[in-house]
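Summary of structural features
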Amino acid sequence: MAEVIGVRFKNVGKVYYFDPAGNTLKKGDKVIVETARGVECGEVAMENRKIGDDKLVQPLKKLIRAATANDLKKVEENHKKEKNAFQICLRKIAAHKLAMKLVGVEYTFDNSKILFYFTADGRVDFRELVKDLASVFRTRIELRQIGVRDEAKMLGGIGICGRPFCCATFLGGFQPVSIKMAKEQGLSLNPVKISGICGRLMCCLKYEQDTYAELLRVVPGVNSVVMTPQGRGTVTDHNLLTETVYVRLDSAPDATVHPFPAREVKVLKNARSGPSKKELEQLGSLEKE
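Criteria and thresholds
Along each chain, numbering runs from 1 in the same order as the chain's sequence is written. Note on the predicted model: pLDDT of at least 70 is required for a residue's local features to be given, and 80 or more for side-chain atom pairs to be given and counted; whole-chain, interface and lining totals, by contrast, use all residues. The basis for the side-chain values is all heavy atoms of the structure; hydrogens and waters are excluded. In short, DSSP must find at least two bridges between two strands for them to pair. A run of H or I in DSSP counts as a helix once it spans at least four residues, and a run of E counts as a strand once it spans at least two, with each numbered from the N terminus. In this analysis an axis means a line fitted to C-alpha atoms, helices contributing only their contacting stretch, and an angle means the value between N-to-C directions, from 0 to 180 degrees. Here, residues are in contact when the closest pair of their heavy atoms is within 4.5 Å. Aromatic pairs are defined between Phe, Tyr and Trp rings, using the six-membered ring for Trp, whenever the two ring centres lie within 6.5 Å; interplanar angles under 30 degrees are classed as stacked, those over 60 as edge-to-face, and all others as tilted. Working definition: with a 1.4 Å probe on protein chains only, accessible area under 20% of the residue-type maximum means buried, over 50% means exposed, and in between means partly exposed. As a reminder, the over-ring test applies to NZ of lysine and CZ of arginine, requiring each to be within 6 Å of the ring centre and within 35 degrees of the ring normal. Only protein atoms enter the calculation, which uses a 1 Å grid: trapped sets of points that fit a 1.4 Å probe without letting it out are cavities, open sets showing protein on both sides within 12 Å along at least five of seven lines are pockets, and any residue with an atom within 4 Å of a point is a lining residue. Grid points are joined across faces, edges and corners, and a volume is the space filled by probe spheres set on the points. Amino acid classes used here: Ala, Val, Leu, Ile, Met, Phe, Trp, Tyr, Cys and Pro are nonpolar; Asp, Glu, Lys and Arg are charged; the rest, including Gly, are polar. By the criterion applied in these results, polar contacts are pairs of N or O atoms within 3.5 Å in which, for protein atoms, one can donate a hydrogen and the other can accept it, and in which residues neighboring in sequence qualify only through two side-chain atoms. To be clear, the arc concerns the directions from the helix axis to the C-beta atoms. Helix span is expected to be 1.5 Å times the residue number reduced by one.

1. Things to note about the sheet that holds strand β7 (residues 113-119)
With respect to topology, three strands assemble into an open sheet ordered β6-β7-β8, the strand pairing being mixed. On the outer flanks of this sheet lie β6 (101-107) and β8 (140-145), each paired with one strand and no other. Averaged over neighbouring strand pairs, the angle between their axes works out to 20 degrees when direction is ignored. With six bridges joining them, β6 and β7 adopt antiparallel strand pairing. Note on β7: the bridge partner recorded for Val105 is Phe116. Against the sheet, helix α1 (residues 69-96) touches β6 and β7, its axis set at about 145 degrees to β6. Running over the sheet, helix α2 (residues 127-137) touches β6, β7 and β8 and is turned about 140 degrees from β8.

Here you go:
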């Protein structure tokens, strides 16, 4: 067991463990630590606690110090520099005629490196751009290509639900989301309705998936052949949340379908309807990261 603190470097980012070096810190405290990128200023997201060695990546880096007033002033100055660097980089991209979209700029706390984040449809040869930027800023330059989901997380915005993006407010990382989830939840496979502003499947499809997966184990799928209290029939529809199936009876194929509680029917032949090959071809791009 080792005593650690959890530090986050972005508003909604991954939490990294550090050795508190004998200091007791509170959630929200600003601290200076050494990372793989250099010396950084972060915020304590998890107070001192004991963590098993099997959950730690060794060697565990130590806290340098709690952030001082001068440290926080330097962070603010870096934010101002980032805005200026963003405009300069935009002009350089245009001058080099590169097919890339600049998303954000980050200065490391010690100014040893500047990171430029961008999106692009494919690979971009930015070697000349890096040389140009290095000659302007006189420090290490790193250009990092990110995906559209990361872009949405960095920029933020309002989703179709009317609330701020989940990724920009509380999701520390992205979870895999698939067309199958939308299909199992009975949602319309209309790209406009199941994709977020980023153009990928909405992260919230993941939230209730475990519940729907559990209900699908007990509720027969559409086209399943079942035995009901009124005889044999075929499931034409179901309501997973109420655990109700709608059955067209073999004895009255032209009559109105009958609703039955799922617990009252016996499955003779189960049918699970996942997304078709055509649907996957049409909507497959929405699953990309």
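2. Re the packing of aromatic side chains
As enumerated under the stated definition, the model contains five aromatic pairs in all. Each ring, one from Phe9 and one from Phe18, has its centre 6.2 Å from the other, and the planes form 80 degrees; the classification is edge-to-face. The class of Phe18 is buried, set by a relative accessible area of 5%. Between Phe118 and Phe126, the aromatic rings sit 5.7 Å apart at their centres with planes inclined by 80 degrees, giving edge-to-face as the arrangement. According to the relative accessible area criterion, Phe118 is buried, its value standing at 0%. Residue classification places Phe126 among the partly exposed positions, given a relative accessible area of 23%. Of the aromatic side chains, those joined through ring pairs into one cluster are Phe9, Tyr16 and Phe18. One residue, Lys74, lies across the ring of Phe109, its end atom 4.9 Å from the ring centre. Its guanidinium or amino end placed over the ring of Phe174, Lys153 lies 5.8 Å from that ring's centre, counting from NZ or CZ.

3. Brief notes about the layout of surface pockets
Where empty space is left becomes clear once a probe the size of a water molecule has been rolled over the atoms. Approximately 1,800 Å³ is the volume attributed to the largest pocket. As for the largest pocket, its lining consists of 50 residues, of which Arg8, Phe9, Lys10, Asn11 and Glu106 are closest to the centre. For the lining of the largest pocket, the secondary-structure elements that each account for two or more residues are β2 (15-18), β3 (30-35), β4 (38-51), α1, β6 and α3 (148-155). With six residues, the top contributor of residues to the lining of the largest pocket is α1. Class assignment of the residues belonging to the lining of the largest pocket gives a composition of 24 nonpolar, 10 polar and 16 charged.

4. What to know about the environment of Thr242
Note that Thr242 resides in the loop between β10 (231-239) and β11 (244-249). The spatial distance from the C-alpha of Thr242 to the C-alpha of Ala262 is 9.0 Å, given a sequence separation of 20 residues. Here the side chain of Thr242 touches Thr244 through a polar contact of 3.1 Å, side chain to side chain.

5. Digging into helix α7 (residues 209-218)
For α7, the full list of buried residues reads Gln209, Tyr212, Leu215 and Leu216. Down the axis of α7, the buried side of the element spans an arc of 125 degrees, and every buried residue falls inside it. Among the exposed residues of α7, those oriented more than 90 degrees off its buried face are Asp210 and Arg217. Residues of α7 that are buried make contact with α5 (179-184) and β10.

6. Thoughts on α1
The terminal C-alpha atoms of α1 lie 40 Å apart, and with 28 residues this matches the ideal 40 Å at 1.5 Å per residue to within 8%. The set of residues buried in α1 consists of Asp71, Val75, Asn78, Glu82, Ala85, Ile88, Cys89 and Ile93. Here the buried face of α1 lies against β3, β4, β5 (63-66), β6, β7 and α2. In the segment just after α1, Lys97 is the residue with positive phi, at about 55 degrees.

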